[in-house]
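# Per-entry structural report
Letter by letter, the chains look like this.
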Amino acid sequence: MPAKPRTPALRTRLLVAVLGPLLAAAILIGVVGATLIADVVRRTNDRVLGGALGAIAETVQVERGEVTLDLPAAAFGMLENTERDNVYYRVAVGTDLLTGYADLPAPDPATLAIDVPRYRFARYRDQQIRIAEVRRALPRIDKPVIVQIAETLDNRGALTRRLMLALLIGECVLVGAAALLLRPALGWSLRPLARLRGAVEARDERARPDFSPLDTGPLPSELRPLASAFDRLLAQLDTATVGVRRFTADASHQMRTPLSVLKVQVALARRGSDVERREALDEIADVAIRLERLVTQLLALARAEEAGVSAPLEAVDLREVASAVIARQINTAIRAGVDLVLESDDDRRYVVAGHRTLVFEIVSNLIDNGIRYNREGGTVWIALRDTLDGLAIVVADDGPGIAPEHREKAFGRFVRFGAATGAVGNPEGTGLGLAIVKSAAARLNATVGFVDADRGTAIILQFAPSDGTVQVPPGNA
């Protein structure tokens, strides 16, 4: 047989199922954190750069019609950092450079608001820089005064990397700690499943099969349906096992007497005269017929009581089934001197939802009993009826009948009330016919019971719950 594909352990699957979303959340937090870190670093450094810009812009004055500037050392001191970023500045009146780096990228004065700092990135001397710039309007000066200060981005990059590294380390520690703590947590969570497995495995250590419900103690809501389903499976196995044991016991019990008779007759046939041999052979033939019928009835009962999922329902024509059973039983009826009569409305379709095999078995056993326990010259009526609650089959005979106080017991196994009274060749019954009928009817969700009659026996198979209002065939009313 090909090897079954291996699947990960449930603990591993749960660990992956938990850590997967956790890692995804960590990545999402990392992306969002990186964006926030970059924004915080930019805003913080821009605030310092803006402070230096303001300190320089405040020293721009007009003296005797000329623009003057006194660069404060504190303005540049604000921008000192461990990365030793380069600092550039430029102060211009219109297009005329007042001081600073002449090639520092200059803005369009028209795009700057008066006394409102603006920040932008630019490329200068093969380096990326951040520029803070402001436009000032001075009295008696027609041209705009542009003040700019810029710095390289080494310090900003270093600060961003440190913060990102701290975020990454924090996330790794969080995910690692979660992975370490999840395994014992999952072990604790799966303990009820281990207890359920232990309850199942404990059954293997017992010599006699135990189909009682599992003793697992309290279970979580997720495992209760599994335990209930397993208990139902155990109940079905118990039912099947009891059926097999009962079948074996019934078969051994019922076959013991015919087999004993058979052995005696074989011994007589070996030692006796020709006449005794013929009588012994006749008796052997009769016992063989009884054994054959017994085995057939036992197998029919086992099929009728078979547990498990039923086959899909099919449309069953009751008239067709009754006609087929009569065709099969007609020779037996002729030998017994019994007439078979089928009563139905030719304009009516008698179709029910069921299983043809089970309906055939029920009708066959009812007619067989009607023939077997009838009087010579009697009649068996098979009537298809419309009751108040649905379709029904009534099988009645005009034999000796069954006393009302014995009717409840009549559906038991191996129950017989008197011997068969049919003609020669109609051997005594096994007492399984009505047991088969009752079991098969239960499989069809139908009901079976006796109907009161003036003489003989009348039995109804009702395909829907009946209130007992039925028409008994003529001759029994």
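The structure presented is a predicted model; accordingly, all values stated were derived computationally and were not measured. (Residues numbered from 1 in each chain as written. Predicted model: local features only at pLDDT ≥ 70, side-chain atom pairs only at ≥ 80, totals over all residues. Heavy atoms only, no water.)

## Describing the overall build of the chain
- Summing up its helical and strand segments, the chain has nine helices and 14 strands in all.
- With an accessible surface of roughly 27,600 Å², the chain has 57% of that area assigned to carbon and sulfur atoms. (Helix = DSSP H or I, 4+ residues; strand = E, 2+ residues; numbered from the N terminus. Areas by Shrake-Rupley, 256 points an atom, 1.4 Å probe, with all protein chains shown as cover.)

## Examining the environment of Ala446
- Locating Ala446 in the fold gives a position in the loop between helix H9 (433–443) and strand S13 (447–450).
- The class for Ala446 is buried, based on a relative accessible area of 11%.
- Distance from Ala446 to Ala392, taken between C-alpha atoms, is 9.4 Å for residues 54 residues apart in sequence.
- Residues contacting Ala446, with those up to four places away along its chain left out, are Ala441, Leu461, Gln462 and Phe463. (Buried < 20%, exposed > 50% of the residue type's maximum accessible area, 1.4 Å probe, protein only. Contact = heavy atoms within 4.5 Å.)

## A word on unusual backbone geometry
- Of note, Arg84 is a non-glycine position whose phi angle comes to about 50°, a positive value.
- Relative to the elements of secondary structure, Arg84 occurs in the loop between helix H2 (73–77) and strand S3 (87–93).

## Here we look at the sheet that holds S13
- Pairing is mixed in the open sheet, where five strands are placed in the order S9-S11-S12-S14-S13. The two strands at the open ends of the sheet, each matched to only one other strand, are strand S9 (339–343) and S13. Ignoring which end each strand starts from, the neighbouring axes of this sheet average 15° apart.
- Relative to strand S14 (residues 458–462), S13 runs antiparallel, the two sharing four bridges. What sits directly across from Gly449, in S14, is Ile460.
- Against the sheet, helix H7 (residues 318–336) touches S9, strand S11 (379–387) and strand S12 (390–397), its axis set at about 170° to S9.
- Packed on one face of the sheet, helix H8 (residues 356–372) meets S9, S11, S12 and S14 and runs near 25° to S12. (Pairing = 2+ DSSP bridges. Axes fitted to C-alpha atoms, helices over the stretch in contact; angles between N-to-C directions.)

## What to know about the side chain of Thr152
- Mapped onto the elements, Thr152 comes out in strand S7 (residues 145–152).
- When its relative accessible area of 2% is taken as the criterion, Thr152 is described as buried.
- A polar contact of 3.0 Å, which involves the side chain of Thr152, links it to the backbone nitrogen of Asn86.
- With sequence-adjacent residues up to four places away left out, Thr152 is seen in contact with Asp85, Asn86, Tyr88, Gln127, Gln128 and Ile129. (Polar contact = N/O pair within 3.5 Å; in protein donor to acceptor, adjacent residues only side chain to side chain.)

## Things to note about the pattern of salt bridges
- With the rule as written, the count across this model stands at 15 salt bridges.
- In this structure, the salt-bridge partner of Asp398 is Arg375, at a minimum N-O distance of 2.9 Å. Of this pair, Asp398 sits in the loop between S12 and H9 while Arg375 sits in the loop between H8 and S11; the two residues are 23 residues apart in sequence, bridging distant segments of the chain.
- Overall, Asp398 belongs to the buried group, its relative accessible area being 6%. (Salt bridge = Lys/Arg side-chain N within 4 Å of Asp/Glu carboxyl O.)

## Observations concerning the sheet that holds S3
- With antiparallel pairing, the five strands of this open sheet are ordered in space as S4-S3-S7-S6-S5. At either margin of the open sheet sits one strand with a lone partner, and together these are strand S4 (96–100) and strand S5 (118–124). Direction aside, neighbouring strands of the sheet carry axes that sit 25° apart on average.
- Bridging between strand S6 (residues 127–136) and S7 involves eight bridges; their strand directions are antiparallel. Directly across from Val134, in S7, lies its bridge partner Val147.

## Notes on H7
- An ideal rise of 1.5 Å per residue puts 27 Å on 19 residues; H7 measures up with 25 Å between its terminal C-alpha atoms.
- A bend of about 50° at Gln329 is the largest found in H7.
- Taken together, the buried positions of H7 are occupied by Leu318, Arg319, Val321, Ala322, Val325, Ile326, Gln329, Thr332, Ala333 and Ala336.
- For H7, the elements touching its buried residues are strand S8 (314–317), S9, strand S10 (351–354), H8, S11 and S12.
- Once H7 ends, the next one or two residues include Gly337, with phi positive near 70°. (Expected span 1.5 Å × (residues − 1). Bend = angle between axes of the 7 residues up to and from the residue.)

## Structural notes on the confidence of the model for the chain
- Summary statistics for the chain give a mean pLDDT of 79 and a share of 76% for residues scoring 70 or more.
- Mean pLDDT values for the elements of the chain range from 63 in helix H6 (residues 274–304) up to 95 in S5.
- The low-confidence segment residues 465–470, where pLDDT is below 50, has nine contacts with residues more than four positions distant or belonging to other chains. (pLDDT = per-residue confidence, 0-100.)

## Here's the deal with the packing of helix H1 (residues 10–57) against helix H3 (residues 154–189)
- One way to put it is that H1 packs onto H3 with a least axis distance of 9 Å and a crossing angle of 160°. Comparing their axes, H3 and H1 come out roughly antiparallel. Here H1 and H3 pass one another in a crossing that is right-handed.
- Split by residue class, the contact of H1 with H3 holds 21 nonpolar, six polar and six charged. (Parallel < 35°, antiparallel > 145°, perpendicular 65-115°, else oblique. Left-handed = near helix turned anticlockwise from the far one by under 90°. Nonpolar A, V, L, I, M, F, W, Y, C, P; charged D, E, K, R; others polar.)

## Quick look at the side chain of Asn374
- In this structure, Asn374 sits in the loop between H8 and S11.
- At 3.2 Å, the side chain of Asn374 forms a polar contact with the backbone oxygen of Thr379.

## A few points about the packing of H7 against H8
- At a minimum axis distance of 9 Å, the contact between H7 and H8 shows a crossing angle of 30°. As the angle between them shows, H7 and H8 are arranged roughly parallel. Where H7 crosses over H8, the two elements pack in a sense that is right-handed. Counting all contacts with H7, which are made through Leu318, Glu320, Val321, Ala322, Ala324, Val325, Ile326, Arg328, Gln329, Thr332, Ala333 and Ala336, the residues of H8 involved are Arg356, Val359, Phe360, Val363, Ser364, Ile367, Asp368 and Ile371.
- Residue classes in the contact of H7 with H8 are distributed as 13 nonpolar, three polar and four charged.

## Brief notes about the packing of aromatic side chains
- In the structure shown here, the tally under the stated rule is four aromatic pairs.
- Considering the side-chain rings of Tyr88 and Tyr124, the 4.9 Å spacing of their centres and the 80° angle between planes classify their relative orientation as edge-to-face. Of this pair, Tyr88 sits in strand S3 while Tyr124 sits in strand S5, and the two are 36 residues apart along the sequence. In this structure, Tyr88 and Tyr124 share a single accessibility class: buried.
- With a centroid separation of 6.1 Å and 85° between ring planes, the pair formed by Tyr89 and Tyr101 is classed as edge-to-face. Placement of the pair is Tyr89 in strand S3 and Tyr101 in the loop between S4 and S5, with a sequence separation of twelve residues.
- The exposure class of Tyr89 is buried, given its relative accessible area of 18%.
- A network of ring pairs unites the aromatic residues Phe76, Tyr88, Tyr89, Tyr101 and Tyr124 as a single cluster.
- Residue placement shows Arg348 over the ring face of Tyr350; its charged tip is 5.4 Å from the ring centre. (Phe/Tyr/Trp six-rings, centres within 6.5 Å; stacked < 30°, edge-to-face > 60°. Lys NZ or Arg CZ within 6 Å of the ring centre and 35° of its normal.)

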